[in-house]
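# Commentary on secondary and tertiary structure
Spelled out from the first residue to the last, the chains are:
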Amino acid sequence: MLGNFDFHCHSAVSDGLLPPAEVARRAAGNGVDLWALTDHDDLGGLPEAQAVAEAAGMGFVNGVEISIEWKGVPIHIVGLGFDREHPALTGGLAELRSGRIERAKRMGDALAAIGIPGVFEGAKRYAGNPSLISRAHFARYLVSIGIARDVPGVFQYYLTPGKPGYVDHRWATLEEAIGWIRLAGGVAVVAHPGRYKLSGAEMRRFLDDFKDLGGQGIEVTSGSHTPDHILHFARLARHYGFHASRGSDFHGPQESYVDLGRLPPLPEDLKPVWRLVG
């Protein structure tokens, strides 16, 4: 079995802190054998990431993390091993990105209404790619001006549903995201399932829909998963016949649950997703 693969991380093309080349070098330096960059809703970092990964002797897989909504719940779907020039995928992602700036302006207005002005302009300074300005960029700016001590604190009090800075957005549907990935020849994987506010029954209904639409994988080992999460989602992977993925969800040295390639291994009996894309 492949020693160390990491199929979930981010660069400054979306909401990571490092350029794609630096993320690639860090992954290789940490002993990753096969790696995917999975920026949110954007493929712009993939050529640079691939060039640096291959120069470092590390295998590379095209990746993306697509923002969807399922029955009112925001969920992320990772796409792996696709043709990054395929028009179905590139066009769908372009449509998703087009609404982000307007949403960010409305978030700034909502925060100004509770006495925190200028946040949209401040957040833009943290976004290397203005078309992908996100809540993470808002959070980093709010920490910098002393509104909260850290990024999780900003999310907890200001940027999650029901809080004053949260603004809804029309994300992709589950069917759209899986369709784009499959049309481009890729594999759809549920990202960090332990993070979603779904009951056990709701999670099973979601996974039923995901499988029925052609989804093939689930992140069992994730930077945000506890040992109990790993056991639970390993059981679900076996039940549904999913291939298991492993991803740090690395965003940067100061903000991540775990560093690139430093996750525990997958349970040995699971089918690793790299078999489908590596």
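Parameters and conventions
Residues numbered from 1 in each chain as written. Predicted model: local features only at pLDDT ≥ 70, side-chain atom pairs only at ≥ 80, totals over all residues. Heavy atoms only, no water. Helix = DSSP H or I, 4+ residues; strand = E, 2+ residues; numbered from the N terminus. Rg over C-alpha atoms; globule rule 2.2 N^0.38 Å. Buried < 20%, exposed > 50% of the residue type's maximum accessible area, 1.4 Å probe, protein only. Contact = heavy atoms within 4.5 Å. Areas by Shrake-Rupley, 256 points an atom, 1.4 Å probe, with all protein chains shown as cover. Lys, Arg positive; Asp, Glu negative; His and termini not counted. Charge placed at Lys NZ, Arg CZ, Asp CG, Glu CD. Phe/Tyr/Trp six-rings, centres within 6.5 Å; stacked < 30°, edge-to-face > 60°. Pairing = 2+ DSSP bridges. Right-handed = clockwise from strand over helix to strand, strands pointing away. Salt bridge = Lys/Arg side-chain N within 4 Å of Asp/Glu carboxyl O. Polar contact = N/O pair within 3.5 Å; in protein donor to acceptor, adjacent residues only side chain to side chain. Arc of directions from axis to C-beta.

### Let's talk about the overall build of the protein chain
Looking only at helices and strands, the protein chain has 11 helices and 7 strands in total. The globule rule puts the C-alpha radius of gyration for 278 residues at 19 Å, and the 18 Å found for the protein chain is close to it. The burial tally for the protein chain puts 55% of its 278 residues in the buried class. Counting contacts in the protein chain only where the partners sit at least 6 residues apart, residues at least 24 apart contribute 73% of the total. Roughly 11,700 Å² of accessible area belongs to the protein chain as shown, and the carbon and sulfur atoms make up 50% of that amount. The average position of the 28 basic charges and that of the 32 acidic charges among the side chains of the protein chain differ by 4 Å.

### Some words on the packing of aromatic side chains
A complete count under the given rule lists 6 aromatic pairs for this structure. Taken together, a centroid distance of 5.5 Å and an interplanar angle of 75° make the contact between F210 and F242 edge-to-face. Taken as a pair, F210 in helix α9 (residues 200–212) and F242 in the loop between α10 (227–240) and β7 (243–247) lie far apart in primary sequence, 32 residues in all. Of the two residues, F210 and F242, neither departs from the other in class, the shared state being buried. Among the aromatic residues, those joined into a ring-pair cluster are W70, F206, F210, Y240 and F242.

### Topic: the pairing of strand β6 (residues 217–222)
Put simply, side chains in a regular strand alternate between the two faces of the sheet. In terms of burial, β6 is largely enclosed, as 6 of its 6 residues are buried. Direction of pairing for strand β5 (residues 187–190) relative to β6: parallel, over a ladder of 2 bridges. Of the residues in β6, the one forming a bridge with V189 is G217. Crossover β5 to β6 through α9 is right-handed.

### Things to note about the pattern of salt bridges
For the structure on display, the rule yields 7 salt bridges. Of the charged contacts, one joins R100 and D41 as a salt bridge, the two residues approaching to 2.8 Å between their closest N and O atoms. On the criterion of sequence distance, the pair formed by R100 in helix α4 (residues 100–112) and D41 in the loop between β2 (34–37) and α2 (46–55) is long-range, its members being 59 residues apart. Close ionic contact of E176 with R170 constitutes a salt bridge, the shortest N to O distance being 3.2 Å. Residue E176 is classed as partly exposed on the basis of its relative accessible area of 26%.

### Some remarks on the sheet that holds strand β3 (residues 59–70)
Across the sheet, which stays open at both edges, the 7 strands sit in the order β1-β2-β3-β4-β5-β6-β7 with mixed pairing between neighbours. Lying at the two open borders of the sheet, with one neighbouring strand each, are β1 (5–6) and β7. Both β3 and strand β4 (residues 73–80) contribute to a ladder of 8 bridges, which runs antiparallel. Directly across from E65, in β4, lies its bridge partner V78.

### Some details on the side chain of S248
When you line up the elements, S248 lands in the loop between β7 and α11 (274–277). In terms of polar contacts, S248 uses its side chain to reach the side chain of D6, at 2.8 Å. Within polar-contact distance, the side chain of S248 engages the backbone oxygen of H8 at 3.3 Å.

### As for helix α1 (residues 20–29)
Buried within α1 are the following residues: P20, A21, V23, A24 and A27. Along the axis of α1, the buried residues cluster in a sector spanning 160°; they form a single face. In this fold, the buried residues of α1 make contact with β2 and α2. Residue G31 follows α1 closely and has a positive phi angle near 85°.

### A short note on unusual backbone geometry
Phi at K71 takes a positive value of approximately 50°, unusual for a residue other than glycine. In this fold, K71 is placed in the loop between β3 and β4. The exposure class assigned to K71 is exposed, which follows from its relative accessible area of 64%. We note that H192 has phi near 25°; this positive angle belongs to a residue other than glycine.

### So, the environment of L174
With respect to the helices and strands, the residue L174 is situated in helix α8 (residues 174–183). Aside from chain neighbours lying at most four places away, what touches L174 is I68, E69, W70, I77, F206, D209, F210 and L213.

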